Amino acid sequence: MSTDYDAIVIGSGIGGLTCGALLAHKGLRVAVLERHGRIGGYAQEFSRDKFVFDSSVHSVSMANDGFVCGLLNQLGIRDRLAIVPNTCTALVRSPGFTYSLPANLDDLTRCLCSDFPHEKESVCALLDDMQRLFHQYKGNFATGGETMSGRSGTIAEVTRSYKDYIRSFVSDERLRCLLGSIWPFGGSSPAYAPFYNAFIFIAHALEGSHSIKGGFALLARALAEAITSRGGEVRTRWPVRAFRIGDAGVVAAAVSDRGEELTAATFVSNVSPYLLHGQLIPEPFRNRLWQKRLAKLSPSVSAVSVYLGLDGDPAAIAKDNLTFWFASMDHDAIYRRIQSGPSGDIDHLLVMHPPGSAGGGCITLMHFVKQRPGIVWREEKKRIADAMVKKAASVLGDFTAGIRVCEVASPDTFERYTGNTAGALYGFENTHNLYGQSKLPFTTYLPNLFQVGHWTKAGGGIYNVMSSGYVAASIILHQ
Ligand SMILES: Cc1cc2nc3c(=O)[nH]c(=O)nc-3n(C[C@H](O)[C@H](O)[C@H](O)COP(=O)(O)OP(=O)(O)OC[C@H]3O[C@@H](n4cnc5c(N)ncnc54)[C@H](O)[C@@H]3O)c2cc1C
């Protein structure tokens, strides 16, 4: 039967666009349907006065010979992006503790071995093991991603926390805390995060920490061009309200709010699974086991983000592009406090600005919060934002006189713009327990419906969602 397209992708996040671009590259007629007026999902920009802010993304491992650039090369769009290195993976700060984590393996090994000489052998063994995991993970791309969460080995091994993993190599408590301090990249602290957080840590050493001059919205645009230049379409303001299910229980069409229908042989969802399995798939076709599974998983942390437009160079305020400040190095206590609800006490703060002139006077402060029923974010976010700016001024030196623009986003803002349930930054909570690790697969119970993006394996972050797009496209092309 003839269809409008070979493949329809619902949602234009980086995961959806990557999958769509790879399918178009292989000759499929692709359409991406985006409900918003702009593409990119979280990879988005907005302007206020002369300031152009990246709404979310500040650091992605994008070395020339790494996975992301390999994919961009394959799609012929690498040259459209000016990829610039960040100064380091993160400058970790806590009272009485400051450490810049280098974003390359040689410097990282040298610094850790010279600053923790009594742990030299353990550091080398740990970094070796992390590299082994990294290559195992990347090898998994070729196997359709079935073990992309590191799910090979005994249950006890694969459900180990990142904290236990670190402890199995390192004894020095300060070093353990330092190695744990990359937890904001995955959203769960070391005792709760899976041992596979080691991948996040070592990816920054092996493939660096980078930004894109002009912002990550340009990555979305480049991927979209890779689709349209091959005859595909990227339609904005096309909210998918439901699927029409045809004979034999396959998805036949995406139906918009306005009742328009587009048909395809294959459908790829890049949207929250709570929306997909609770709304888009019509009730009689929903699968109870999946509903149960969804109920056992929970969305990741969200955030209050404060976007500041400043007179002058943000590097004069925070030298490094990413500063992670913690009130104490007890990361798990901070994470537990986040789960219990927002407080006036700012016990952690991320301070980020793009490298060099790409910054244009913009600096972003981020503080994790968890969405909860009953919180009126319109009011709450102001209170938290004020406390964040005050805390930043006390940690970095008072820069507040130079603030020209201040915009604040809350979990409601993130959910409103992207449809991510609870304003989740990273899809599902990144947890080491068995259920948490069993993130949703790329295939679903409907034979021609697939999932990509940060709610699938391997989880949150641009690197991971691009890998999900890659794996889903491979599965679709080889079926
Ligand atoms: C504040 C913040 C900071 C972050 N910092 C970083 C960072 O520094 N580095 C990093 O790697 N990651 C970072 N992340 C995480 C990263 O941005 C996400 O994990 C990633 O962008 C998610 O991509 P995705 O493909 O899952 O799609 P999403 O970005 O979630 O996009 C989903 C798209 O689907 C669309 N959609 C939803 N419902 C429908 C519908 N019914 N019909 C049509 N379209 C629909 C939405 O409008 C949206 O465009 C950050 C996230 C946030 C919020």
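Residues numbered from 1 in each chain as written. Predicted model: local features only at pLDDT ≥ 70, side-chain atom pairs only at ≥ 80, totals over all residues.

Undergrad: Can you lay out the overall build of the protein chain for me, pointing to particular residues and giving the numbers?
TA: When you go through the protein chain residue by residue, the secondary structure sums to 16 helices and 18 strands. In terms of overall dimensions, the protein chain is globule-like: its C-alpha atoms have a radius of gyration of 22 Å, near the 23 Å expected for 479 residues. Along the three orthogonal principal directions, the C-alpha set of the protein chain runs to about 65 × 55 × 45 Å. Among the 479 residues that make up the protein chain, the fraction classed as buried is 52%. Once local pairs closer than 6 in sequence are excluded, the contacts in the protein chain between residues at least 24 apart make up 74%. (Helix = DSSP H or I, 4+ residues; strand = E, 2+ residues; numbered from the N terminus. Rg over C-alpha atoms; globule rule 2.2 N^0.38 Å. Buried ≥ 20, exposed ≤ 12 C-beta atoms within 10 Å, placed from the backbone. Contact = placed C-beta atoms within 7 Å.)

Undergrad: Break down the sheet that holds strand β17 (residues 403–409) for me, with residues and values.
TA: Strand pairing in a sheet takes place through backbone hydrogen bonds and is either antiparallel or parallel in direction. In space, the seven strands of this open sheet follow the order β7-β6-β14-β15-β16-β13-β17, with mixed pairing throughout. Among the strands making up the open sheet, the edge pair consists of β7 (97–101) and β17. If you compare each strand with its neighbour and ignore which way they point, the axes differ by 15° on average. The strands touched by helix α13 (residues 377–396) are β6 (90–94), β13 (302–310), β14 (322–326), β15 (348–352), β16 (362–369) and β17; relative to β13, the strand with the most contacts, the crossing angle is about 60°. (Pairing = 2+ DSSP bridges. Axes fitted to C-alpha atoms, helices over the stretch in contact; angles between N-to-C directions.)

Undergrad: Account for the nonpolar core, naming residues and giving values.
TA: Ranked by internal contacts, the top residues of the largest apolar core, which has 142 residues, are A7, I8, V30, V351 and M388. It is helix α16 (residues 462–478) that provides the largest number of residues to this core, a total of nine residues. For this core, the two domains that each supply at least three residues are domain 1 (5–48 + 215–297 + 433–478) and domain 2 (84–209 + 299–418). Dropping the residues within four chain positions of it, A7 is found in contact with L23, L28, V30, A264, T266, V268 and I476. (Core = buried A, V, L, I, M, F, W, Y, C linked by C-beta atoms within 7 Å. Domains from an automatic or database assignment.)

Undergrad: Mind laying out the environment of G66, listing which residues take part and the relevant values?
TA: By the element assignment, G66 lies in the loop between β4 (51–54) and α2 (67–74). Taking C-alpha positions, G66 is 5.8 Å from E207, a pair spaced 141 residues apart along the chain. Once you skip the residues sitting within four places of it in the chain, G66 turns out to touch S61 and E207.

Undergrad: Describe the pairing of strand β12 (residues 261–269), with residues and values.
TA: Regular strands place their side chains on alternate faces of the sheet. As judged from the five bridges shared by strand β1 (residues 5–10) and β12, these two strands associate in the parallel manner. What sits directly across from V9, in β12, is V268. The pairing of strand β11 (residues 251–256) with β12 spans three bridges and is classified as antiparallel. When the bridges of β12 are listed, A254 appears paired with L262.

Undergrad: So, the environment of R337: which residues are in play, and what are the values?
TA: Within the secondary structure, R337 is located in helix α12 (residues 331–339). Residue classification places R337 among the partly exposed residues on the basis of 17 C-beta atoms within 10 Å. For the pair R337 and K370, spaced 33 residues apart in sequence, the C-alpha separation works out to 9.9 Å. Setting aside residues up to four positions removed in sequence, R337 forms contacts with S343 and D347.

Undergrad: Describe the packing of helix α1 (residues 14–25) against helix α9 (residues 217–228), with residues and values.
TA: Close contact between α1 and α9 brings their axes to 8 Å; oriented N to C, the two are set at 25°. Comparing the axis directions of α1 and α9 gives the class roughly parallel. Where α1 crosses over α9, the handedness of that crossing is left-handed. From α1, I14, L17, T18, G20, A21, A24 and H25 reach across to α9, where they touch L219, A220, L223, A224, A226 and I227. Taken together, the residues that form the contact of α1 with α9 break down as ten nonpolar, three polar and no charged. (Parallel < 35°, antiparallel > 145°, perpendicular 65-115°, else oblique. Left-handed = near helix turned anticlockwise from the far one by under 90°. Nonpolar A, V, L, I, M, F, W, Y, C, P; charged D, E, K, R; others polar.)

Undergrad: Lay out the site of the ligand with the relevant residues and their values.
TA: Taken together, 40 residues are adjacent to the ligand, and G11, G13, G15, G41 and G453 come closest. If you list the elements that add at least two residues to the shell around the ligand, you get α1, β13, α14 (411–418) and α16. When residues are assigned to domains, the shell around the ligand turns out to be shared by domain 1 (5–48 + 215–297 + 433–478) and domain 2 (84–209 + 299–418), each giving three or more. (Near = placed C-beta within 6 Å.)

Undergrad: Let's hear about unusual backbone geometry: which residues, and what values?
TA: In this chain, K457 is followed by A458 through a cis amide linkage whose omega measures 5°. Position of A458 relative to the elements: it lies in the loop between β18 (449–451) and α16. Unlike most non-glycine residues, D49 shows phi in positive territory, near 50°. Position of D49 among the secondary structure elements: in the loop between β3 (45–48) and β4. Positioned with a positive phi, A248 is a non-glycine residue whose angle comes to about 65°. As for its position among the elements, A248 is in the loop between β10 (240–245) and β11. The exposed category is assigned to A248, around which 8 C-beta atoms lie within 10 Å.

Undergrad: Can you lay out the packing of helix α10 (residues 273–280) against helix α11 (residues 288–296) for me, pointing to particular residues and giving the numbers?
TA: With their axes 11 Å apart at the nearest point, α10 and α11 run at an angle of 145° to one another. Note that α10 runs across α11; the crossing there is left-handed. Only W290, Q291 and L294 of α11 make contact with α10, whose side of the interface consists of P273, Y274 and H277. By residue class, the composition of the contact of α10 with α11 is four nonpolar, two polar and no charged.

Undergrad: Describe the pairing of β7, and please don't skip the residues or the numbers.
TA: As paired strands, β6 and β7 are joined by five bridges and run antiparallel to one another. Within the sheet, the bridge partner assigned to R93 lies in β7 and is T98. Turn length for the β6-β7 hairpin, with the two strands adjacent in sequence and antiparallel, is two residues, and the turn residue G96 shows positive phi of about 80°.

Undergrad: Explain the environment of G208 to me, using residue names and the numbers behind them.
TA: When you line up the elements, G208 lands in the loop between α8 (197–207) and β8 (210–212). G208 sits in the buried class, given 23 other C-beta atoms within 10 Å. Sequence-wise, G208 and R167 are 41 residues apart; in three dimensions their C-alpha atoms are separated by 25 Å. Leave out the neighbours within four places in its chain, and G208 touches S61, M62, A63, P85, A103 and N104.

Undergrad: Run through α1, naming residues and quoting values.
TA: Taking 1.5 Å per residue as the helical rise, α1 with its twelve residues ought to reach 16 Å, and the 16 Å between its terminal C-alpha atoms agrees with that figure. Within α1, eleven of the twelve residues are buried, leaving the element largely enclosed by the surrounding structure. When α1 is considered as a whole, its buried residues turn out to be I14, G15, G16, L17, T18, C19, G20, A21, L22, L23 and A24. Once α1 ends, the next one or two residues include G27, with phi positive near 95°. (Expected span 1.5 Å × (residues − 1).)

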